[in-house]
Amino acid sequence: MNELLIIAAPDLLERRREWLESLSGERRLSPNTLDAYERDTRQFLTFLTTHLAGPPTIADIHTLRPADLRSFLAARRREGSGARSLGRHLAGLRSFLRYLERKGLVNAAAAGAIRAPRQPKSLPKPLTDTQALNIVTSEAQLHEEPWIAARDAAILTLLYGCGLRISEALGLTPPDVDADATSLRILGKGGKMRIVPLLPVILEAVETYRKLCPYHLANDAPMFRGARGKTLQPAIIQREMQKLRSAFNLPDSATPHALRHSFATHLLAGGGDLRTIQELLGHASLSTTQVYTGVDTSRLLEVYDRAHPRA
């Protein structure tokens, strides 16, 4: 476990070796996680050798303060570790210190007093145009019941064609998607109302489902039903999307929410402006839309140069 590369008291190195063996044997962590925890603690003990001006001992670990751990994380940040790596460093150290605490050797309170660095928000990668269109067609649906295949196609078409959240799509009632409707009124997060255009292909998909559905669709109840006629749950659509990922050899990031992400990204690529896309998505902040659609500074400058009279 590279212990020869670490300057530390022999008893501390022995406890570290026992801890790593317990992670492998008892907790059965993956080899990648074991390698990461080995590396994180090796770097930490190396840091302490300089920080304490001598090889760290178990007694030194017992008297660690939150400031000592923060100094280590700051040093790792200066060497290029991002928020995710820093979070993993801290997780590894907490595991090691708690192991020593269970052995009655140290107090691990210092590690528990530190918050993990805030992780950057991650978004599902948008699908390509072809991937999205393949998924939303009724022919692509895998269920043997025609009405359920039509239901899934209608929901996925709403996610991609209108940029709806799955909860918004499943909350629609029959009057919301009238056959003559040209737009949807969506009450989104934070009670924010928005209007989204309805394309003929979306109306067609919904109407196909309504004609095939064997259950009465009351005007005051959600339109999309489960196999037994009850209100459809998001997990059902998520599972169907999982099957489609397998059938079309798509990445794990191809989720129902990725269709909403694709809606925004493809609109932007087709010439849509951020402010309009913000309204269609129901984002309160334009900066959220900028992140959501992957817009970077160079793209904004390109739009500025093309459109602003003083550019």
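Located above this text is the structure these notes cover.
Notes on the structure follow. Just so you know, these numbers come straight off a predicted model, no measurement behind them.

**Things to note about the overall build of the protein chain**
- The helix and strand tally for the protein chain stands at 15 helices and two strands.
- By residue count, 44% of the 311 residues in the protein chain fall in the buried class.
- Sequence-distant contacts in the protein chain: of pairs separated by 6 or more residues, those separated by 24 or more amount to 60%.
- When the accessible area of the protein chain is evaluated, it comes to approximately 17100 Å², of which 52% is carbon and sulfur surface.

**Description of the packing of helix α1 (residues 10-25) against helix α2 (residues 31-51)**
- Between α1 and α2, whose axes approach to 10 Å, the crossing angle comes to 165°. Classified by the interaxial angle, the pair formed by α1 and α2 is roughly antiparallel. Judged by the sense of rotation from one axis to the other, the crossing of α1 with α2 is right-handed. Contact residues: Leu 12, Leu 13, Arg 16, Trp 19, Leu 20, Leu 23 and Ser 24 in α1; Leu 34, Tyr 37, Glu 38, Thr 41, Arg 42 and Leu 45 in α2.
- Grouping the amino acids of the contact of α1 with α2 by side-chain chemistry returns eight nonpolar, two polar and three charged.

**Describing the packing of helix α8 (residues 146-162) against helix α12 (residues 256-269)**
- In the contact formed by α8 and α12, the axes pass within 6 Å of each other and the chain directions differ by 30°. Contacts between α8 and α12 pair Leu 156, Leu 159, Tyr 160, Gly 161 and Cys 162 from the former with Pro 256, Leu 259, Arg 260, Ser 262, Phe 263 and His 266 from the latter.
- Here the residues of the contact of α8 with α12 are counted per class, giving seven nonpolar, three polar and one charged.

**Quick look at the packing of aromatic side chains**
- Applying the stated rule across the entire model yields seven aromatic pairs.
- Both rings, one in Phe 44 and one in Phe 72, keep their centres 5.1 Å apart while their planes meet at 75°; by these two values the pair is edge-to-face. Linking Phe 44 in helix α2 with Phe 72 in helix α4 (residues 66-78), this pair joins segments that are 28 residues apart in sequence.
- Taking the relative accessible area as the measure of exposure, Phe 44 reaches 1% and is therefore buried.
- Taking the relative accessible area as the measure of exposure, Phe 72 reaches 1% and is therefore buried.
- Among the aromatic residues, those joined into a ring-pair cluster are Trp 147, Tyr 209, Tyr 215 and Phe 224.

**A closer look at the pattern of salt bridges**
- Under the defined criterion, the tally for this structure stands at 12 salt bridges.
- One salt bridge connects Asp 152 with Arg 151, and the closest N-O pair in it is separated by 3.0 Å.
- Residue classification places Arg 151 among the buried positions, given a relative accessible area of 3%.
- Lys 243 is the partner of Glu 240 in a salt bridge, and the nearest nitrogen-oxygen pair spans 3.4 Å. Of the two residues, Glu 240 and Lys 243 are both situated in helix α11 (residues 234-248); the distance of three residues between them amounts to about one turn of the helix.
- Take Lys 243: its relative accessible area is 43%, and that puts it in the partly exposed class.
- If you follow the salt bridges from partner to partner, you end up with Glu 14, Arg 17 and Glu 21 in one network.

**Some thoughts on the environment of Arg 88**
- Among the structural elements, Arg 88 can be located in helix α5 (residues 83-102).
- In this structure Arg 88 comes out as partly exposed when scored by relative accessible area, which is 27%.
- Separated by 28 residues in sequence, Arg 88 and Ala 116 place their C-alpha atoms 8.7 Å apart.
- Discounting residues that sit within four places of it in the chain, Arg 88 has contacts with Ala 36, Tyr 37, Arg 39 and Asp 40.
- Here the side chain of Arg 88 touches Asp 40 through a polar contact of 2.7 Å, side chain to side chain.

**Some thoughts on the pairing of strand β1 (residues 183-187)**
- Where burial is concerned, the two faces of β1 differ: the one with Leu 184 and Ile 186 is buried and the one with Ser 183, Arg 185 and Leu 187 is not.
- Across five bridges, β1 lies against strand β2 (residues 193-197) in antiparallel orientation. Bridging from a neighbouring strand, Leu 187 pairs with Met 193 of β2.

**Thoughts on the nonpolar core**
- Core analysis: the biggest nonpolar cluster contains 41 residues, and Leu 156, Leu 158, Leu 164, Leu 184, Tyr 209 and Phe 224 have the highest contact counts within it.
- Every element with two or more residues in this core is listed here: α7 (129-136), α8, α9 (166-170), β1, α10 (200-212) and α11.
- If one sorts the elements of this core by residue count, α8 sits on top with 10 residues.

**Some details on unusual backbone geometry**
- The backbone of Ala 53 shows a phi angle near 60°, a positive value even though the residue is not glycine.
- Even without a glycine there, the phi angle at Asn 249 is positive, about 55°.
- Among the structural elements, Asn 249 can be located in the loop between α11 and α12.
- Asn 249 sits in the exposed class, given a relative accessible area of 69%.

**Re the side chain of Asp 40**
- Among the secondary structure elements, Asp 40 is positioned in helix α2.
- A relative accessible area of 0% places Asp 40 in the buried class.

Criteria and thresholds
- Residues numbered from 1 in each chain as written.
- Predicted model: local features only at pLDDT ≥ 70, side-chain atom pairs only at ≥ 80, totals over all residues.
- Heavy atoms only, no water.
- Helix = DSSP H or I, 4+ residues; strand = E, 2+ residues; numbered from the N terminus.
- Buried < 20%, exposed > 50% of the residue type's maximum accessible area, 1.4 Å probe, protein only.
- Contact = heavy atoms within 4.5 Å.
- Areas by Shrake-Rupley, 256 points an atom, 1.4 Å probe, with all protein chains shown as cover.
- Axes fitted to C-alpha atoms, helices over the stretch in contact; angles between N-to-C directions.
- Parallel < 35°, antiparallel > 145°, perpendicular 65-115°, else oblique.
- Left-handed = near helix turned anticlockwise from the far one by under 90°.
- Nonpolar A, V, L, I, M, F, W, Y, C, P; charged D, E, K, R; others polar.
- Phe/Tyr/Trp six-rings, centres within 6.5 Å; stacked < 30°, edge-to-face > 60°.
- Salt bridge = Lys/Arg side-chain N within 4 Å of Asp/Glu carboxyl O.
- Polar contact = N/O pair within 3.5 Å; in protein donor to acceptor, adjacent residues only side chain to side chain.
- Pairing = 2+ DSSP bridges.
- Core = buried A, V, L, I, M, F, W, Y, C linked by side-chain atoms within 4.5 Å.

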